[in-house]
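# Working through the structure, step by step
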Protein chains: 2
Amino acid sequence: MSTRLDLTQDVGALTARIVDVESVSGDEKVLADAVEEALRALPHLRVDRDGESIVARTSLGRAERVVIAGHLDTVPVAGNLPSRVEDGLLYGCGTSDMKSGVAVALKLAAALREPGRDVTYVFYDCEEIAAERNGLLRLSRDHPDWLAGDFAVLMEPTDGEVEGGCQGTLRAEITLRGRRAHSARSWFGVNAVHAAQPVLEILNAYRARLPVVDGLEYHEGLNAVAIRGGVAGNVIPDECVVTVNYRFAPDLTLEAAQAHVSEVFDGLEVRFTDGAPAARPGLTHPVAAAFLSAVGGTPRAKLGWTDVSLFSALGVPAVNYGPGDPNLAHQSGEFVSLEKITDCERRMFHWLDSRPG
Amino acid sequence: MSTRLDLTQDVGALTARIVDVESVSGDEKVLADAVEEALRALPHLRVDRDGESIVARTSLGRAERVVIAGHLDTVPVAGNLPSRVEDGLLYGCGTSDMKSGVAVALKLAAALREPGRDVTYVFYDCEEIAAERNGLLRLSRDHPDWLAGDFAVLMEPTDGEVEGGCQGTLRAEITLRGRRAHSARSWFGVNAVHAAQPVLEILNAYRARLPVVDGLEYHEGLNAVAIRGGVAGNVIPDECVVTVNYRFAPDLTLEAAQAHVSEVFDGLEVRFTDGAPAARPGLTHPVAAAFLSAVGGTPRAKLGWTDVSLFSALGVPAVNYGPGDPNLAHQSGEFVSLEKITDCERRMFHWLDSRPG
């Protein structure tokens, strides 16, 4: 018996149904097949597929096109399946991050035959693992036209609040070098661990920026996330590596952020190991303003890095907005409020069913 | 065919013979059997054995008894066997550390039928590995009477110089604690790596003592030998551990050394993980003075920790004196000068063949 999704179910029941189809990163095929089948049954949508990513869209010739996106995968199941409902809360792996958002998008796809804006629905794979396997990244490289639009909503958990853009992130290794010696004759060596003192001084003295970008206040941070050094219990260490993580606001490009870190640690050996650009919130764009007025609430800055950055790189302003609770993501006790899912569906429907003013 | 040792060979040839009997720590049985057999053939010695450790001694009722000790084991062979001679140097695993010393002791045991002082020869196992398996430690606990004496010479490599006593060593972990948080919202956490700054400040500001003990100048050291901290690339670390190694002069007991480290890092979380006491050089003792005058040269302080500390704990003053080069120990290119072995044998013979003045 194939796994079928009934898009006429209410959104809470549909979320539970989707949660019960296991789809840990790299193992999304069964769920992707079910999503594709359900969408292909809707004659008002054109459906494309690339690997385990499905893209469906209306083509009504509207003045604006918006993109609604969500990932199908979850972190590994932690004894938290099948899902269960208790006191209006749906528990289970992926309920919050982010199958409730996926369920809302599927309900919208089925219900909105003639939306006021053309809509592209994107369901993608491998968001929870190494960035290079990310399905949205793959689509942005291989089929950027599938992702084209004036505005995008990534339905990651935001607790029903609009979170604009995202901060960028980069990691750098700062390497201190010394010279080995037997620790009984330590003065013949140069201690690389001791040499890390100025790095920690810089980090402790660092004052993070809180810049306002497109009306939202971001909050940067520069932190050591790891330190390691040591050869053996009787050897003066000849190397110490401090790994720092810089979270930067969207008024900086990745290159500008790297330049800032190089300047902060001027004179030290700095090597950048990875990085991902920030995304501007784009809330000043008319289509974003219409979205905000439809869904209500006060938008805030997204501080963590999310896939909105991939839309930003394609020139599509994007926000995070979803019914899940970001603080529960990746926890075995993960749950989502059924009321919040319904509320999110209602607000999104209200927005998409209206015509641009 | 059993492995036999011919103690009438010259000391260089005997060293080569012993080197060619592999005896990596824990695998000394073949060499220990050969040593026992060779010693049992000498009617002027009483021979005892415990595991792979052999103790042989004269019982002439002399006024003084001295102990000559050396370990039979080596670090793992590194493609440097069998031994070979080139330009007066004997190459191979254990040539320097310390089969040349063992060969000298065996030559003395065979040649000195009526030495001026009673002599105890100790050949023991497992010096190169974890302290708790050390054969000399086992003998000191199970047969302290076998090790009794007025003075001991440990024939570890000292390049033919007398090195008195040894410095003690202890290791302590200094743990800094913080609170985890996502690094995109770092201000919700407390960074334990950043908290290590004062530890490094203390280490960089520390001025090591150079105390004179029994006429020899020691040189202490307090160093970080390791640092580690970090949970993941996007998490504020909640723990950072700095491992420090304190090498202390023999005017301090292990307990006093621990108290010093606790005081240096006052207010921080300090846990002692291991330690071994120092040994006083004992060169002011008449028997030591006689030894020094017989072998010549200017004694110097032993800075590294050695098994002389085990003799010291039994109340036996002890020095390090051997033909090997300590800088070559544990290296694949290890060698020993054949001339230095002969010289060491001659000086030791001269000392032991004489009667106390």
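Residues numbered from 1 in each chain as written. Chains lettered and ligands numbered in written order. Predicted model: local features only at pLDDT ≥ 70, side-chain atom pairs only at ≥ 80, totals over all residues. Heavy atoms only, no water.

### Topic: the packing of helix 3 (residues 95–111) of chain A against helix 9 (residues 338–353) of chain A
Residue and element names in this part refer to chain A. Here is the rule: Axis lines are fitted through C-alpha atoms, for helices just across the contact stretch, and the angle between N-to-C directions can take any value from 0 to 180 degrees. Secondary structure counts use DSSP, requiring at least four H or I residues in a row for a helix and at least two E residues in a row for a strand, with both numbered from the N terminus. The scheme is simple: roughly parallel for angles under 35 degrees, roughly antiparallel for over 145, roughly perpendicular for 65 to 115, oblique for anything else. By definition, turning the near helix anticlockwise from the far helix through less than a right angle yields a left-handed crossing, and turning it clockwise yields a right-handed one. Whether two residues are in contact is decided by their heavy atoms, any of which lying within 4.5 Å being enough. Residues are grouped as follows: nonpolar covers Ala, Val, Leu, Ile, Met, Phe, Trp, Tyr, Cys and Pro; charged covers Asp, Glu, Lys and Arg; every other residue, Gly included, is treated as polar.
Between helix 3 and helix 9, the shortest axis-to-axis distance is 10 Å and the interhelical angle comes to 40 degrees. As judged from the angle between their axes, helix 3 and helix 9 are oblique. The interaxial crossing formed by helix 3 with helix 9 has right-handed handedness. Listed contacts from helix 9 to Ser 100, Val 104, Lys 107, Leu 108 and Ala 111 of helix 3 are Ile 341, Cys 344, Glu 345, Met 348, Phe 349 and Leu 352. In terms of residue class, the contact of helix 3 with helix 9 is built from eight nonpolar, one polar and two charged.

### Thoughts on the pattern of salt bridges
Stated precisely, the cut-off is as follows: By definition here, a salt bridge exists when the distance from a side-chain nitrogen of Lys or Arg to a carboxyl oxygen of Asp or Glu is within 4 Å. A simple rule labels every residue: compare its accessible area, found with a 1.4 Å probe on the protein chains alone, to the largest value its type can have, and call it buried under 20%, exposed over 50%, or partly exposed in between.
Scanning all chains against the criterion turns up 52 salt bridges over all chains. The salt bridge involving Arg177(A) is made with Glu269(A); its shortest N-O contact spans 2.6 Å. In this pair, Arg177(A) sits in strand 9 (residues 168–177) while Glu269(A) sits in strand 14 (residues 269–276), placing the two residues 92 residues apart along the sequence. One salt bridge in this structure joins Lys302(B) and Glu163(B), with 2.8 Å as the shortest N-O distance. Taken together, the positions of Lys302(B) in the loop between strand 15 (300–301) and helix 8 (308–313) and Glu163(B) in strand 8 (residues 163–164) put the pair 139 residues apart, joining distant regions of the chain. We classify Glu163(B) as buried; its relative accessible area is 7%. Overlapping salt bridges, with partners in common, bring together Lys29(A), Asp33(A), Glu36(A), Arg40(A), Arg49(A) and Glu52(A) in one network.

### Considerations on the packing of aromatic side chains
Within a pair of aromatic rings, the relevant descriptors are the distance that separates the centres and the angle that separates the planes. All names here are of chain A. Convention followed: The rule is short: rings of Phe, Tyr and Trp, with Trp giving its six-membered ring, pair when the centres are within 6.5 Å, and they are stacked under 30 degrees, edge-to-face over 60, tilted in between. The criterion for a charge sitting over a ring is simple: Lys NZ or Arg CZ within 6 Å of the ring centre, and within 35 degrees of the ring normal.
Under the criterion given, the structure shown has 14 aromatic pairs over all chains. For the ring pair Phe 151 and Trp 351, a centre distance of 6.0 Å and an interplane angle of 90 degrees mean the geometry is edge-to-face. With Phe 151 in strand 7 (residues 151–154) and Trp 351 in helix 9, this pair connects stretches of sequence that are 200 residues apart. Aromatic ring contacts, followed pair by pair, group Phe 151, Phe 291, Tyr 321 and Trp 351 into a single cluster. Cation over ring: Arg 84 sits above Tyr 91, and NZ or CZ is 4.4 Å from the ring centre.

### Overview of the packing of helix 5 (residues 197–205) of chain A against helix 5 (residues 197–205) of chain B
Between helix 5 of chain A and helix 5 of chain B, whose axes approach to 9 Å, the crossing angle comes to 145 degrees. Where helix 5 of chain A crosses over helix 5 of chain B, the handedness of that crossing is left-handed. Across the interface between the two elements, Gln197(A), Leu200(A), Glu201(A) and Asn204(A) of helix 5 of chain A pack against Gln197(B), Leu200(B), Glu201(B) and Asn204(B) of helix 5 of chain B.

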